[in-house]
Amino acid sequence: KIQGFSFASRRRFMRRLAEVERSSLPVFVTLTFPDEFAPEAIRPAEWKKVFKRFAERFRRRFPQGGYFWRLEWEKRKSGAHVGMIFPHFHLLAYGVNYPDLLAWVGLAWWEAAGRLSEAHKKAGTRVERVRTVGGTFKYVSKYMAKVQTSGLDVGRVWGLMGIENIPFVK
């Protein structure tokens, strides 16, 4: 059972990220679930199904793109389910144009998550342009590198999609 993001997994994640060409700046993406997802929020397999649907959409829309992904969970700070553990995903996307990703990601995530609410379509994602290499490391250390344990069998908590499109140092 994988119940979290261990120190060893974090080390492997950080080493892999360190292999990316420094001059290539990613686009940061956060994908959150709406309050209406609450019945499924306790089942990690459901989190992964939704994320897989999103990943398939990404691959079709951005065949030249790739990303590091990280699953994170925390207690809800707002909405009808304050205090309940909810998952969200962080991405470092490479090979994609910021304006195109910004225009596309909200609708794609809303559809992948099951079109649960109009509010989620408007506020379920965050897309940020990276301007410096230091900004990449700041984002990673704040959002993607937290060691966590859930008590649930969450499965893999990080990975790569479109690895052939991520600009690793040769």
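The notes below deal with the structure included here. (Residues numbered from 1 in each chain as written. Predicted model: local features only at pLDDT ≥ 70, side-chain atom pairs only at ≥ 80, totals over all residues. Heavy atoms only, no water.)

Concerning helix H2 (residues 44-61)
To be explicit about the condition: By the criteria applied, helices consist of DSSP H or I runs no shorter than four residues and strands consist of E runs no shorter than two, each listed in order from the N terminus. The length a helix should cover is 1.5 Å for every residue beyond the first. The classification of residues rests on relative accessible area computed with a 1.4 Å probe and restricted to protein chains. Under 20% of the type maximum is buried, over 50% is exposed, and intermediate values are partly exposed. What the arc covers is the set of directions going from the helix axis to the C-beta atoms. Contacts are assigned to residue pairs with any non-hydrogen atoms lying within 4.5 Å of each other.
Over its 18 residues, H2 runs 26 Å from end to end, which matches the ideal 26 Å to within 8%, given 1.5 Å per residue. Taken together, the buried positions of H2 are occupied by Pro44, Trp47, Val50, Phe51, Phe54, Ala55 and Phe58. Angular distribution of buried residues about the axis of H2 spans 145°; they occupy a single face of the element. Facing away from the buried side of H2 by over 90 degrees, the exposed positions are Ala45, Lys52 and Arg60. Those residues of H2 that are buried lie in contact with strand E2 (27-32), strand E3 (66-75), strand E4 (85-94), helix H3 (98-112) and strand E7 (158-161).

Quick notes on the pattern of salt bridges
Operational definition: The salt bridge criterion pairs a side-chain nitrogen of Lys or Arg with a carboxyl oxygen of Asp or Glu, the two atoms within 4 Å.
The full count for this structure, using the stated rule, is nine salt bridges. For the salt bridge of Lys49 with Glu46, the shortest nitrogen-to-oxygen distance reads 3.2 Å. Note that Lys49 and Glu46 are positioned in helix H2 at a spacing of three residues, about one turn of the helix. Here Lys49 falls in the partly exposed class, since its relative accessible area comes to 45%. Judged by relative accessible area, Glu46 falls into the partly exposed class, the value being 22%. Its salt-bridge partner being Glu118, residue Lys121 comes within 3.5 Å of it at the nearest N-O pair. One end of the pair is Lys121 and the other is Glu118, both in helix H4 (residues 118-123) and three residues apart, which spans about a single turn.

Examining the sheet that holds strand E5 (residues 125-129)
So the rule is basically this: Two strands qualify as a pair provided that DSSP identifies no fewer than 2 bridges between them. Note on method: axes are straight lines fitted to C-alpha atoms, helices fitted across the in-contact stretch only, with angles between N-to-C directions ranging 0 to 180 degrees.
Pairing is antiparallel in the open sheet, where five strands are placed in the order E5-E2-E4-E3-E7. Each edge of the sheet is formed by a strand with only one pairing partner; in this case those strands are E5 and E7. Strand-to-strand twist of the sheet, defined as the mean angle between neighbouring strand axes without regard to direction, takes the value 20°. Bridge count for E2 against E5 is five bridges, and the pairing is antiparallel. In the sheet register, Val27 faces E5, and the bridge partner there is Arg129. Most of the contacts of H3 go to E5, to which it runs at about 170°, and overall it touches E2, E4 and E5.

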